[in-house]
Amino acid sequence: MIKSEISIPAFDIKQQYTTIEAEVSAAVLEVLASGRYIGGSIVEGFEQKFAAYTGVSECVACNSGTDALYLALRAFNIGKGDEVITTPFTFIATSEVISAVGAKPVFVDINATTFNFDLQQVAAAITPNTKAIIPVHLFGQPVDMTALMSIAEAHNLVVIEDCAQSTGASWNGQKLGSIGHIGCFSFYPTKNLGGCGDGGAITTNDPQIAAKLRILKEHGQKTRYIYEDIGINSRLDAIQAAILQIKLRYLDIWNRQRQAIASRYHQFINQVPGIIAPQELAGGEGVWNQYTIRVLNEKRDSLRSQLQERGVNTMIYYPRPLHLQPVYASLGYQTGQLPIAEQASQEVLSLPMFPELSLEEQDQVIYSLKDCLS
Ligand SMILES: *Cc1c(COP(=O)(O)O)cnc(C)c1O
């Protein structure tokens, strides 16, 4: 057994900060000195840069990825009586907002190799009440957006991309968040583009939807103190916008570092019996928010603790699929109904993944895995 001297975290956001500390500190101090903490040119500048980066005409910044999804549903008037199809294998925010607007989440099973929802099952779940589909590009891997858009167009459905884990990823050369009707992003610190606090953004090519989003995120106010709709308060702080503008310039570099780590992991893991490495679809360029393997034969939890003894920290995303969460008991899903998602929740293990993970640390992950499995 290799006794490690260093402990490798599953993610480390402090290291990244130290690489851009001078730039970030200067920008933050500038905002503090300006006295303009909400809105203003820094937030607008970030919206323009993020729209250009994503390849869309409109970007509306908001307070979180959760708010982005909520506002997107509201902008398309999705609510009571409507069904929204999504994956049960995602963070709760994706389905929580469907419930929050009064609509019904409809969960379909996933694909065992991509962890994203199965498009045949999406098509089969469409009913006369279906109004929208929320694809989640889980762990940074794109859903087949060509196939999904043709399903959606055939049934006149709205596609709301949950890009929270996939900022910078693309499908057939087009950035995610620019292919569906609307794209929702999170700048939570551990996402590929992470701020130093909460943050989110919504992208679209539809100026009317963007105008509606701007009203909804500011208390339903169209002209000052005249309220036309029930809105919320969802702003991106100027400090976060200043930090995100800087970090956006490095995003492609960081994503390439993640891709290099993933391919190094892949070379080794692809040949290990009992473990399934994540697969990428042809046409997709993923950004590896997580590198998630499947550990077969009920060995996941023991492997996880053995790795931890060797200083390799891992995460389990997600230990219970959403259709079996207590909050959704009233939807009536049974254990066994979405078997692939249920099995994945027992088998997944996310290895350390962040751009600054050194070659030595990657080796330690790989050798520890080898050691544990031999
Ligand atoms: C993080 C995340 C969200 C929510 O983003 P917040 O900024 O934390 O509100 C939504 N969907 C997915 C898939 C996420 O990973």
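Going by the structure above, here's the rest.
Because the structure is a prediction, the values reported are computed rather than measured. (Residues numbered from 1 in each chain as written. Predicted model: local features only at pLDDT ≥ 70, side-chain atom pairs only at ≥ 80, totals over all residues. Heavy atoms only, no water.)

Q: So what's going on with unusual backbone geometry? Which residues, and what values?
A: Cis geometry marks the peptide bond from Y317 to Y318, where omega comes out at 5°. Along the polypeptide, Y318 turns up in the loop between α10 (300–309) and α11 (339–347). Phi at E298 takes a positive value of approximately 55°, unusual for a residue other than glycine. Inspection of the secondary structure puts E298 in the loop between β14 (291–295) and α10. (Helix = DSSP H or I, 4+ residues; strand = E, 2+ residues; numbered from the N terminus.)

Q: Tell me what's going on with the sheet that holds strand β12 (residues 275–276), and back it up with residues and numbers.
A: The sheet built from three strands is open, its strands ordered β12-β14-β15 with antiparallel pairing. Both outer strands of the open sheet, β12 and β15 (348–351), are each paired with one neighbouring strand and no more. Along the sheet face, helix α9 (residues 238–269) touches β12, β14 and β15 and points at about 20° away from the line of β14. (Pairing = 2+ DSSP bridges. Contact = heavy atoms within 4.5 Å. Axes fitted to C-alpha atoms, helices over the stretch in contact; angles between N-to-C directions.)

Q: Can you tell me about the site of the ligand, naming the residues and giving the values?
A: Near the ligand you find 15 residues, and of these G65, T66, D162, S186 and K191 are the closest. Between D162 and the ligand, the recorded distance is 2.8 Å, taken from a side-chain N or O atom to a nitrogen atom. Isolated, the ligand exposes 380 Å² of accessible area, and the fraction of that covered by the protein chains is 93%. Elements supplying a minimum of two residues to the shell around the ligand: α4 (65–75) and α5 (93–100). No other element matches the three residues that α4 contributes to the shell around the ligand. For the shell around the ligand, the residue count by class is five nonpolar, eight polar and two charged. (Near = heavy atom within 4 Å. Polar contact = N/O pair within 3.5 Å; in protein donor to acceptor, adjacent residues only side chain to side chain. Areas by Shrake-Rupley, 256 points an atom, 1.4 Å probe, with all protein chains shown as cover. Nonpolar A, V, L, I, M, F, W, Y, C, P; charged D, E, K, R; others polar.)

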